[in-house]
Amino acid sequence: MDEFDVVVIGGGHNGLVAACYLAQAGRRVCVLERLDELGGAAVSTYAFDGMDARLSRYSYLVSLLPQRIVEELGLRIRLLRRRYSSYTPVPGAASGAGLLIDNDDPQQTRSSFAAIGAEADAEAFARLSADLGRVAAALWPTLTEPLPTRGEARRMLGDDALWSAVFERPIGELIEQRLQNDLVRGVVATDALIGTFASVHDPGLRQNICFLYHVIGGGTGDWDVPVGGMGAVTGELVRAAREAGVEFRTGAEVVSLSPEGVVEYRMRAGAPSGSARPRAPRRVIGARVLANVAPAVLDRLLGAGGTPSTVGGPGARPEGAQVKVNLLLRRLPRLRDSSVAPEAAFGGTFHINESLTQLEEGVRTAERGELPQPLPAEIYCHSLTDPSILSPALQEQGAHTLTVFGLHTPHRLGVDAATLERAVLDSLNSVLAEPIEPLLLTDAHGRPCIETKTTADLDRTLGMPCGNIFHGPLAWPFVEDDAPRGTAAERWGVATEHPRILMCGSGSRRGGAVSGLGGHSAAMAVLEDDLDR
Ligand SMILES: Cc1cc2nc3c(=O)[nH]c(=O)nc-3n(C[C@H](O)[C@H](O)[C@H](O)COP(=O)(O)OP(=O)(O)OC[C@H]3O[C@@H](n4cnc5c(N)ncnc54)[C@H](O)[C@@H]3O)c2cc1C
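Residues numbered from 1 in each chain as written. Predicted model: local features only at pLDDT ≥ 70, side-chain atom pairs only at ≥ 80, totals over all residues. Heavy atoms only, no water.

**Details of the domain arrangement of the protein**
One frequently used descriptor of interface size is the decrease in accessible area upon assembly of the parts. Looking at the assigned domains, one finds that the protein contains domain 1 (2-42 + 62-77 + 227-317 + 469-532), domain 2 (83-118 + 323-406 + 416-453) and domain 3 (125-218). A straight line from the C-alpha centre of domain 1 to that of domain 3 covers 28 Å. Taken residue by residue, the interface counts 24 residues in domain 1 and 28 residues in domain 3. In this assembly, domain 1 packs against domain 3 so that about 2,400 Å² is buried in total across both faces, 66% of it on carbon and sulfur atoms. Counting the surface domain 1 buries against domain 3, the share from its top three residues, W476, F478 and R510, is 28%. Taken together, domain 1 and domain 3 are joined by 3 salt bridges. Notably, a salt bridge pairs R485 with E152, separated by 3.8 Å at the nearest N-O pair. If you list the elements that add at least two residues to the side of domain 1 that touches domain 3, you get α18 (488-491) and α19 (517-532). For the side of domain 1 that touches domain 3, the residue count by class is 13 nonpolar, 3 polar and 8 charged. (Domains from an automatic or database assignment. Contact = heavy atoms within 4.5 Å. Buried area = accessible area lost by both parts, 1.4 Å probe. Salt bridge = Lys/Arg side-chain N within 4 Å of Asp/Glu carboxyl O. Helix = DSSP H or I, 4+ residues; strand = E, 2+ residues; numbered from the N terminus. Nonpolar A, V, L, I, M, F, W, Y, C, P; charged D, E, K, R; others polar.)

Written out as structure tokens, the structure is:
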């Protein structure tokens, strides 16, 4: 049986970050990845046969990846700032008016607030953004350090009223107190709901945690475009890991794990349909095992290894509630709102049917077991900011990619991909001056260039339980004042009940999103623990 200092289960971007840090620090590291490709949900792909367009298949924007990690690992990653923060058409407005938030033109932004009858909110929105900027400035630097306690984090912010509004009261209260207009409220509320199925008034505050991670990235809350797509980020991590000597075993599905660090895996036979019979199991042992898989998956692996566990925590019910649709278009569609150029509207986050009323109604509808109509969704066009993902020929033609992220479609609804895709297109068409379907390019087989990824797809392909994009519920980036912090793993938020096994993915305390924070924390815990020995 091969022995390593560290075995990483899962080659998602967090597993790669951990592997890089530890190999660069001289540890012998092996990464076992179930798929043939590394990167997990941070990958790019030629999604449409014969089309030279490399799309970020799942995750698409970067906010939470600290420059510190990029520099320490020597990654050559370029992120581009988007000029337009967002565009939101007023739902159902015959005139097609909408709110355009232009980072470079505050005057134009104020006029846009006025044009949708939300003049009073222009100032309030700017004040709220400034307050959230203070939260970001206080907490962002802590993410690459051992966890602060709640009390320490509160003191760092130094504003008890703001602390209470963001960390102790449902975020819906802050939104409704500060902003009057339903559409403006919705624009802010979406930050609380991407990847989190909840009302903004949920007393459990899951939506507040999601909100926090959406507004603190980089100390500004900006969501930037990775040049070359998400695959370029993962590609750099793989390069750095290989150079540091990490051993990769891809197509290696871990099937069981023991608390002593014995990891059993099977090589998946290379047959494309996955129909080939699994091969005989192999084993490796790690002095430490880092779990880049979801807590629920880790539980299953430990159970198979004879040690049922509750790593995921009681009541941690992972469930995704989104659908992602990728499209390749001949050109951008025309908008109903003739006052805004499509290049501006699609240049930032384009919110569709996401007023606060629609978002709240969407939760209630889905909780009743029905699909919200119209579906709240948001769109982003990668190729406007970074054309490099398209071939020169497609660029010349005026082609563009669109990514649509539909909300409030919980896994439990069991809705099939075709129905979800239809709901997304109907929602999109409701704000366009022409239907989107005729604008779709066709692939080498004459099929329209559109692909839909449901929660079931994510579960099956990536092992995200019930399609939860963060592997499970997000957690605050601090611990309660009386939480144990005796071990390095506890101090870094990556502890499991087995000392040799650490979380190192989205399921670790600060792990959600493409941030590398789960991997960084796990690596720091291992290195700190080694120093203590
Ligand atoms: C549709 C979608 C859109 C998103 N958009 C964004 C976005 O724009 N910005 C952002 O910051 N975040 C976004 N996210 C969230 C983000 O992508 C994830 O939180 C992040 O990629 C998780 O990284 P990870 O390395 O922790 O885990 P993963 O990427 O889930 O990687 C885990 C790896 O473990 C492997 N694995 C699973 N089981 C086994 C096993 N038994 N044996 C071996 N290997 C196994 C999987 O194949 C996978 O490669 C999005 C996610 C999705 C799905």
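**Section: the site of the ligand**
Taken together, 33 residues lie near the ligand, and E33, L61, H471, S506 and V514 sit nearest. Residue H13 places a side-chain N or O atom 3.1 Å away from an oxygen atom belonging to the ligand. Interatomic distance of 2.7 Å between a backbone N/O atom of L61 and a nitrogen atom of the ligand. Relative to its unbound accessible surface of 1,000 Å², the ligand loses 97% to contact with the protein. When contributions to the shell around the ligand are tallied by element, the ones reaching two or more residues are α1 (13-24), β2 (29-33), β10 (252-257) and α17 (455-462). A per-class count over the shell around the ligand returns 18 nonpolar, 11 polar and 4 charged. (Near = heavy atom within 4 Å. Polar contact = N/O pair within 3.5 Å; in protein donor to acceptor, adjacent residues only side chain to side chain. Areas by Shrake-Rupley, 256 points an atom, 1.4 Å probe, with all protein chains shown as cover.)

**Considering the sheet that holds strand β13 (residues 323-329)**
One open sheet accounts for 7 strands, arranged β7-β6-β14-β15-β16-β13-β17; its pairing is mixed. Either end of the sheet is taken by a strand with one partner, and the two such strands are β7 (98-102) and β17 (450-453). The sheet shows a mean angle of 15° between the axes of neighbouring strands, direction not considered. Inspection of the sheet shows strand β14 (residues 349-352) paired to strand β15 (residues 377-380) by 3 bridges, in the antiparallel sense. Each bridged residue has a counterpart across the sheet, and for F350 the counterpart in β15 is I379. (Pairing = 2+ DSSP bridges. Axes fitted to C-alpha atoms, helices over the stretch in contact; angles between N-to-C directions.)

**What about the pairing of strand β6 (residues 84-89)?**
The buried fraction of β6 amounts to 5 of the 6 residues, a majority that puts the element mostly inside the structure. Where β6 and β7 come together, 5 bridges link them in antiparallel fashion. Residue pairing for β7: S86 is matched across the bridge by I101. Relative to β14, β6 is paired through 2 bridges, and the arrangement is parallel. Bridge assignment links Y87 to a residue of β14, and that residue is F350. (Buried < 20%, exposed > 50% of the residue type's maximum accessible area, 1.4 Å probe, protein only.)

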